[in-house]
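Here are the chains, one letter per residue:
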Amino acid sequence: MKILCYTRQPKEDILYANRLAYSMHLAWKSETGEYVPFHHNEGILYAKAVQDADSGVLRAKSLKSPWIFAAGDDTYGIAAVRTDPDGQRDPESEGSILIFRTSDFVHYEEIGLWKVQEKGFVSEVRCAYDAENKTCLVCWRGEDGIWLEGQGDPFDTDGILAGTVRKTQEPRVDKEAFPATGSEQQPALQIEGICPGNAIEIPDAKGTYLVRKLMTPVCEKVTLSPRAVCAGREELLQTRAAATYSDGTVVERRIDWDPDSQGTTGEDGSRLLCGRVHQEHFEAPFAENRADPCCMYWNGKYYYIATNDADDNKTLYIRCADTLEGIMDAQEVLILDTVTYPEIGGLLWAPEFHEIGGKLYLFHAATSGEFFREESHVMKLRDGGDPMCREDWSAPQLVVRKDGTPLCEAGKVISLDMTTFEYQGETFAMWSQRQFLPVDQGAWLYLARIDEREPWKLTSDPVCIAKPEYGWENNHTFVVEGPYALEYDGQLMVTYSGAAVDATYAVGILKPEMGSDILNPANWRKGNYPLLSSRSAEGQYGTGHNAYLTDENGVVWNFYHARAGVDAPRSSFARRVHFDVDGEPMLDVLEELDLPAHLRRVEGRLQ
């Protein structure tokens, strides 16, 4: 398969800003000769920000002129020009090019800057790897238009080998340059905003993996499992529909059989019955002015709660229903406001239900006064209490460190979006924390172990797990927040949101090495690109702050907020989570792709 790398021309800042456009995008050449963008024509590879050693402040970076090259041992390199976040000169990158390494074009390692000259800025780069000598011929053009070339190991950033640098009229690395032929140029240039890099052939197996991983899957067929002829009604009710998707995955779905269907009788005496593959439907959005949604299935009922943007975050309401779809129209009941408790004065944010040690808790953020005093709190439901009865909930407890002091220094540091999960028999909390004084560092994600009996108490020191390093995370502001854990097939994953809470808000993923000490930040891996963004679903902007629900049928749902227009209010959305070939959540499989209408009707036989 041939793949093409490129960057894009920025659009309006609120739609596709510089920090998004100046990242490496990928497209693949289909059998028709058309180049098809991966991942909604969105960036796959972003340059990391650089952190100031003294203040901790992050300096955002972008990239231009990406170039892919084979690097031997089934790996590939990516060379690019690192820029400032808006695509202009990056003083820290003078005389250097930026190098990455990958084996699958989904997971990347940023090697760092490779020094190719002492002075002046590089504007374009091309590389070709010499597998026999394990060196790379690198050609680069300066801002003066002069091409230079040299040799060296691109994954050893010590620099170009001495005595190999020379001027050249034309770069010798041109065989893989895009466009290779005029016939390929036109179809590729049809991609919106494309600023082409180069095209390269990769093994079909890698190409198939990329298509399965980075293209939104579509349900292609539905069959009955395990058999189409059932011995009795009990067996019929246990029959499932096996939905097969274009990424090769298969998902079993429940069937709603029509008891009144009058089927024909077969030669074996069986009776034909009709049914429909079960699929809940949510309006998009299903709740306006409700952000940071969280839904829980608990004791046979569904409970939904969200930040209330309708009254400037002064109240929290809960909905309860017997069915998942029922929460769309369920009556709201007030659970918390900003006048009942003296220490809770405003900004009730990001409520989440969590069952810990058999007890039900409500985590949320609140402030005793101004925004700079926003802190994480926990409420407990009394034993035998009703979640819909506000009197059955305790007063909010301030989250404290293991020595009993407040988690954050009021007026200087805030905490919010706290969530919890279990790992290897222990309970952990993860939250977003932002230092404003003495300098604004942006919002980072922190992790600590907590006391299961009193989950507002930490039992370990907080450690930083993630920072807003990538352009999609620090677009308009340096923020990572809204973490929520999901375990699937033995793998713990945490999705989180990044960037400003506007139309550019997006969702990314963190994964620890299972079995490792997760309080060691080195044991976590962060995905380079967002899983859910304003390009994932037409007409949904600022997708973010998601939470997961496993319903009574074992189906995993993603609840998130988005805007039904660039300037529309934050509102709640929901859809089924599809798990990809790596077992990671795909959050962009819309209902019409997940189960197209023409595949929903099924037939079975009852003997």
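Nothing here was measured: the structure is a model prediction, and the numbers come from that model.

What counts as what
Residues numbered from 1 in each chain as written. Predicted model: local features only at pLDDT ≥ 70, side-chain atom pairs only at ≥ 80, totals over all residues. Heavy atoms only, no water. Helix = DSSP H or I, 4+ residues; strand = E, 2+ residues; numbered from the N terminus. Rg over C-alpha atoms; globule rule 2.2 N^0.38 Å. Buried < 20%, exposed > 50% of the residue type's maximum accessible area, 1.4 Å probe, protein only. Contact = heavy atoms within 4.5 Å. Areas by Shrake-Rupley, 256 points an atom, 1.4 Å probe, with all protein chains shown as cover. Lys, Arg positive; Asp, Glu negative; His and termini not counted. Charge placed at Lys NZ, Arg CZ, Asp CG, Glu CD. Pairing = 2+ DSSP bridges. Salt bridge = Lys/Arg side-chain N within 4 Å of Asp/Glu carboxyl O. Axes fitted to C-alpha atoms, helices over the stretch in contact; angles between N-to-C directions. Polar contact = N/O pair within 3.5 Å; in protein donor to acceptor, adjacent residues only side chain to side chain. Core = buried A, V, L, I, M, F, W, Y, C linked by side-chain atoms within 4.5 Å.

A. Here's a closer look at the overall build of the protein. Per the secondary structure count, the protein includes six helices and 42 strands. Since a compact globule built from 607 residues should have a radius of gyration of about 25 Å, the 27 Å found for the protein is in line with a globular shape. Projected onto its principal axes, the C-alpha positions of the protein cover 80 × 75 × 45 Å. Within the protein, the proportion of its 607 residues that are buried is 58%. Summarising the internal contacts of the protein: among those between residues at least 6 apart in sequence, 53% fall at separations of at least 24. Total accessible area on the protein stands at roughly 24800 Å², and carbon and sulfur atoms take up 45% of it. Here the protein contributes 60 positively and 96 negatively charged side chains, and the mean placements of these two sets differ by 2 Å.

B. Structural view of the pairing of strand β10 (residues 122-130). Relative to strand β11 (residues 135-142), β10 runs antiparallel, the two sharing eight bridges. Of the residues in β11, the one forming a bridge with Arg126 is Cys139. Linking β10 to β11, which pair antiparallel, is a turn of four residues; within it Lys134 sits at a positive phi near 55 degrees.

C. Fine view of the pattern of salt bridges. As enumerated under the stated definition, the model contains 39 salt bridges in all. Note that Glu603 is salt-bridged to Arg601, the shortest N-O span being 2.9 Å. Residues participating in the shared-partner salt-bridge network are Asp52, Arg59, Lys61, Arg82, Asp90 and Glu92.

D. Here's a closer look at the sheet that holds strand β17 (residues 240-245). An order of β15-β17-β18 is seen for the three strands of this open sheet, with the pairing classed as antiparallel. Of all the strands in the sheet, the pair left with one neighbour each is β15 (219-225) and β18 (250-253). The average undirected angle you get between the axes of adjacent strands in this sheet is 25 degrees. Sheet topology places β17 next to β18; four bridges connect them, and they run antiparallel. Following the sheet pairing, Ala241 is matched in β18 by Arg253.

E. Structural detail: the side chain of Ser415. Here Ser415 is to be found in strand β29 (residues 413-423). At 3.0 Å, the side chain of Ser415 and the backbone nitrogen of Ser376 are in polar contact. Discounting residues that sit within four places of it in the chain, Ser415 has contacts with Ala365, Glu374, Glu375, Ser376, Leu407, Cys408, Trp431, Ser432 and Gln433.

F. Just the sheet that holds strand β34 (residues 491-498), in detail. Reading across the sheet, the four strands line up as β33-β34-β35-β36 and stay open at both edges, with antiparallel pairing between neighbours. What marks the edges here is a single partner per strand, and that holds for β33 (480-488) and β36 (524-526). Neighbour-to-neighbour, the strand axes of this sheet turn through a mean angle of 25 degrees, independent of strand direction. Looking at chain direction, strand β35 (residues 506-512) and β36 are connected through three bridges and run antiparallel. Its bridge partner being in β36, Lys511 is matched across the sheet by Arg525.

G. Up close: the environment of Gly357. Positionally, Gly357 belongs in the loop between β25 (346-356) and β26 (359-367). Counting along the chain gives 70 residues from Gly357 to Thr427, while the straight-line C-alpha distance between them is 9.3 Å.

H. Representation of the nonpolar core in the model. Grouped together as the largest cluster of nonpolar side chains are 87 residues, with contacts concentrated most on Ile3, Ile68 and Leu447. What Leu447 contacts, discounting residues up to four positions off in sequence, is Phe421, Phe428, Ala429, Met430, Trp431, Asp461, Pro462, Val463, Ile465, Ile518, Leu519 and Trp524.

I. A look at the environment of Val122. Topologically, Val122 is positioned in strand β10. Measuring from C-alpha to C-alpha, the distance between Val122 and Lys61 comes to 15 Å, with 61 residues separating the pair along the chain. Once residues lying within four places of it in the same chain are set aside, the contact partners of Val122 are Val81, Gly95, Ser96, Ile97, Val116, Trp140 and Arg141.

J. Representation of the environment of Ser394 in the model. With respect to the secondary-structure elements, Ser394 resides in the loop between β27 (374-380) and β28 (397-398). Its relative accessible area of 26% is what places Ser394 among the partly exposed residues. Once residues lying within four places of it in the same chain are set aside, the contact partners of Ser394 are Tyr341, Met379 and Lys380.

K. Expanded view of the pairing of strand β39 (residues 570-576). Judged by how many residues are buried, β39 sits mostly within the fold: seven of seven residues are covered. Because side chains alternate across β39, one face comprises the buried residues Arg570, Ser572, Ala574 and Arg576, and the other comprises Ser571, Phe573 and Arg575, equally buried. With seven bridges connecting them, strand β38 (residues 556-563) and β39 associate as antiparallel partners. Across the sheet, residue His561 finds its bridge partner in β39, namely Ser572.

L. Here's a closer look at the side chain of Ser432. Here Ser432 shows up in strand β30 (residues 426-435). You can call Ser432 buried: its relative accessible area is 2%. Here the side chain of Ser432 touches Val480 through a polar contact of 2.9 Å, landing on its backbone oxygen. Among all residues touching Ser432, those that are not within four sequence positions of it are Ile414, Ser415, Leu416, Ala443, Trp444, Leu445, Val480 and Glu481.

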